Amino acid sequence: MNPILMSALLIVGLGFFAWTASRRLKLMFAAKAPADRFDRMGDRVKAVIYYMFGQARMFRYKAAGVAHAFIFVGFMVLGLRTIILATRGFTGPDGGFGFWLFNDSAPLGSAYLFLKDIIGGFVVVGVSYFLYTRLVIKPRRMTLSSEGVFILCMILGLITADMFYEAGGYIVHGSADASVFHAKTPLASILATILQAAPTGLVRAMMLIGFWGHTIIVLTFLNFLPFGKHFHVITVLPNVLFSNLDGIGRLHPVPDIEGKLEREETLGVRTAANFSWKDVLDFYTCTECGRCSDNCPAASTGKLLSPKQLTIDLRNHMRANEDRLIAGDPVATGDADDSGAGLTPLKEDERFQLIGKVIEPEVIWACTTCGACEQECPVFISYVDKIVDMRRHMVMEQGEFPEQLQNAFRGLETVGNPYSFANEQRADWAAGLDIPLRSEKPDAEYLFWVGCAPSFDDRSRKIAVAMAKLMQRAGVDFAILGPEETCTGDPARRAGNEYVFQMFAQQNVETMKGYDVRKIVTTCPHCYNTIANEYPEFGGKFEVIHHTTFLHDLIRAGKLKPTHEVNARVAYHDSCYIGRYNGIYDPPREILRAIPGVEVVDAPESRDRGMCCGAGGAQMWKEDEPIRDESAKAGAGKVNHARTRQLLNVLPSGGKPRAIASACPFCKTMLSDGLADQGHTNITQSDVVELLLRSVEGAPASVGAAEESA
Ligand code: SF4
Ligand code: SF4
């Protein structure tokens, strides 16, 4: 067509893109925290194939998933077309050059043209859906910026330009009496049939505009990407490839905390430079689809935290300070030495502190660490680790955290539990049950790890008692640690107090290894997650079994026989820490189904879409953050109230009494408070183990009192 023009376009377009992309790359590596994501490459490649090429998570929102799949496949197919057209720029005014096997008249070329033509049609459908969504439906989860519309128009422009080039070519290069309809490009042929009536000069102009327009739009699009959310077109592959394969349940430890404290090194994340390169890649990759915030219990109940906005704010902050971060300016990175003369002006230094300047503290403290955002994010952006890293800085370095957490921290540090009971009382719940301590029965097959709530909290003690009675009935050989057990450290860790967590982790691992503990059963999902997923990094490798799995196995083995009817329609609430964190969804439901008279129902928000009860991430020990959005999706207010309402929505009045079941002591507390606070005094809240005990031992005909009037 025109080698000089094509060369100029490519040099300018690709050259500018290379410069911008190199800046983004340098900014990524201005983030200094380590992130080793080069292990298990086989699994990583599988994740790319399944989640990126297979678009697996996109279909959690069905219509948007299908529309996106059309555009995604279109991008891959049309990418080759872009290369073909670029090569034709060097081959004379009428083109005619094919790329390798893709000459238009070769069989493979014809097959490709057919595919490209049809896929182009699907892309137009996908783009039209998104334009309709953005301009007409306007879902509140999405960022409805003009950038999105501009990009969609560019994609439409690409397809249209290529169609005009193809259709125009049939008319300009075909003989006058030949048909312009070619079965290998049905859509372009329809356009050619329409254009046939126009003067040839005009058609030729349209063909050339289509040809050059395609290349110009592609290069403009490419250069636009690094400046907006559509950078994900490029970064999504590495972001999925280097995603966290360890799951949400395992936070990375802070190594050598004491040394860091002594050397006054930064703990957690204070400035953007304290993130890792992978965190910055996350920021680049956010598509602003809002699926995270749409499922976030904090955002859904009107709190300031919106995971999507958190990412956008951090990304914008990094871009705004790109030059200084790349240059390693010690003020921007937080490394400025303020110990001598020539102090960094405080205000300047503060500008780069994230918390309070870029991210409000109440954003950080609203997170329940439920992981719903990470589960939903189609491009595998993580949140819990970043939020906990910022909490670590606030707690361990600044000593700033919600006042109510002070009591829990004091209890943990002084007596080994957040309830502040003397740890000697840890086994008081077991009085009269004839349960041996591990020190009395060191060879017991199972250690029953009780946890703080079932040890000290009256409502949760019933869980421990029911579990112990069922294990005794089934002939399980178990013992407890009693006063030798302390908190696992989970609330401290999720609240950012990594120092205290590591203290507990080391102490508990040492205690259990001292007794040669191999198998642990626990009723607490938080203890389960911490011991199973986090203690291995502290030398504690145990077989940990959640009580629902354990009891389900005992029922299947015929060692527990739920024979007495428990007449109730039960909505089961999934605890985030055994459900989303550890994939345990079926055993609790199977236990309930094994109880005669129980009818199990699920809320639409259940299993991996289940909403947090509001206790996780140390929220149990503090009040909800203030309401900032009265029109929140799940109703402005407390998370436990919203979750209770969701569960009640599947428990219509009439018929059986209504009950809510859970499998976590903290969920029990939050949901029973949610029922009581909202006046549902006749609806029972029980742990699955309590219902099972009723059925095994004999129980009243129903779990509730009278049926609640609607
Ligand atoms: S972990 Fe849960 S509460 Fe925290 S940001 Fe994600 S969805 Fe929201
Ligand atoms: S973090 Fe993920 S889910 Fe949330 S807006 Fe960005 S891409 Fe969407």
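Computed from a predicted model, the values in this text were never measured in an experiment. (Residues numbered from 1 in each chain as written. Chains lettered and ligands numbered in written order. Predicted model: local features only at pLDDT ≥ 70, side-chain atom pairs only at ≥ 80, totals over all residues. Heavy atoms only, no water.)

*Asks:* When you look at the pairing of strand β1 (residues 446–449) in this model, what are you seeing that I'm missing?
*Replies:* Regular strands have side chains that alternate between both faces of the sheet. Neither face of β1 is open: one carries Tyr 446 and Phe 448, the other Leu 447 and Trp 449, and all of them are buried. Pairing analysis gives two bridges linking β1 to strand β2 (residues 478–479), with the strands arranged parallel. In the sheet register, Tyr 446 faces β2, and the bridge partner there is Phe 478. Bridge count between β1 and strand β3 (residues 519–522): four bridges; the pairing is parallel. (Buried < 20%, exposed > 50% of the residue type's maximum accessible area, 1.4 Å probe, protein only. Helix = DSSP H or I, 4+ residues; strand = E, 2+ residues; numbered from the N terminus. Pairing = 2+ DSSP bridges.)

*Asks:* Any chance you could explain the sheet that holds strand β5 (residues 568–572) here in plain terms?
*Replies:* Each strand in a sheet pairs with another by means of backbone hydrogen bonds, the pair being arranged parallel or else antiparallel. In space, the four strands of this open sheet follow the order β6-β5-β7-β8, with parallel pairing throughout. The sheet terminates laterally at β6 (598–601) and β8 (684–687), the two strands that pair on one side only. Put simply, the sheet's adjacent strands are angled 30° from each other on average, direction ignored. Pairing analysis gives four bridges linking β5 to strand β7 (residues 658–662), with the strands arranged parallel. Residue pairing across strands places Val 570 opposite Ala 659, the latter belonging to β7. (Axes fitted to C-alpha atoms, helices over the stretch in contact; angles between N-to-C directions.)

*Asks:* Please clarify how helix α8 (residues 232–241) should be interpreted in this entry.
*Replies:* Side chains of residues three or four places apart in an α-helix project in the same direction, reflecting 3.6 residues per turn. Taken together, the buried positions of α8 are occupied by His 232, Thr 235, Val 236, Asn 239, Val 240 and Leu 241. Considering only its buried residues, α8 is in contact with α2 (41–53), α3 (62–88) and α10 (277–285). (Contact = heavy atoms within 4.5 Å.)

*Asks:* Sorry, what's going on with the packing of aromatic side chains here?
*Replies:* Each aromatic ring pair is characterised by the separation of its centres together with the angle its planes make. If you walk through the whole model with that rule in mind, you get 27 aromatic pairs. Seen from their ring centres, Tyr 419 and Phe 456 are 6.4 Å apart, and the 45° between their planes marks the pair as tilted. Taken together, the residues Tyr 419 in the loop between α20 (405–415) and β1 and Phe 456 in helix α21 (residues 452–456) connect sequence positions 37 residues apart. Residue classification places Phe 456 among the buried positions, given a relative accessible area of 4%. For the pair Tyr 446 and Phe 550, a centre-to-centre distance of 4.9 Å together with 75° between the ring planes defines the contact as edge-to-face. Highlighted residues: Tyr 446 in strand β1 and Phe 550 in helix α26 (residues 547–556), separated in sequence by 104 residues. Taking relative accessible area as the criterion, Tyr 446 reaches 13% and is therefore assigned buried. By way of ring pairs, the aromatic residues Tyr 419, Phe 421, Phe 456, Trp 621 and Phe 666 are connected into one cluster. Sitting above the plane of the Phe 227 ring, Arg 24 keeps its charged end 5.4 Å from the centroid. (Phe/Tyr/Trp six-rings, centres within 6.5 Å; stacked < 30°, edge-to-face > 60°. Lys NZ or Arg CZ within 6 Å of the ring centre and 35° of its normal.)

*Asks:* Could you clarify how one ought to interpret the site of ligand 1 in this entry?
*Replies:* Lining the immediate surroundings of ligand 1 are Cys 296, Pro 297, Leu 305, Pro 307, Cys 367, Thr 368, Thr 369, Cys 370, Gly 371, Ala 372, Cys 373 and Val 384. Of the residues in the shell around ligand 1, the class split is nine nonpolar, three polar and no charged. (Near = heavy atom within 4 Å. Nonpolar A, V, L, I, M, F, W, Y, C, P; charged D, E, K, R; others polar.)

*Asks:* Honestly, the side chain of Gln 685 in this entry has me stumped. Any pointers?
*Replies:* Inspection of the secondary structure puts Gln 685 in strand β8. At 3.5 Å, the side chain of Gln 685 forms a polar contact with the backbone oxygen of Ile 660. Engagement of the side chain of Gln 685 in a polar contact is seen with the side chain of Ser 662, the distance being 3.0 Å. (Polar contact = N/O pair within 3.5 Å; in protein donor to acceptor, adjacent residues only side chain to side chain.)

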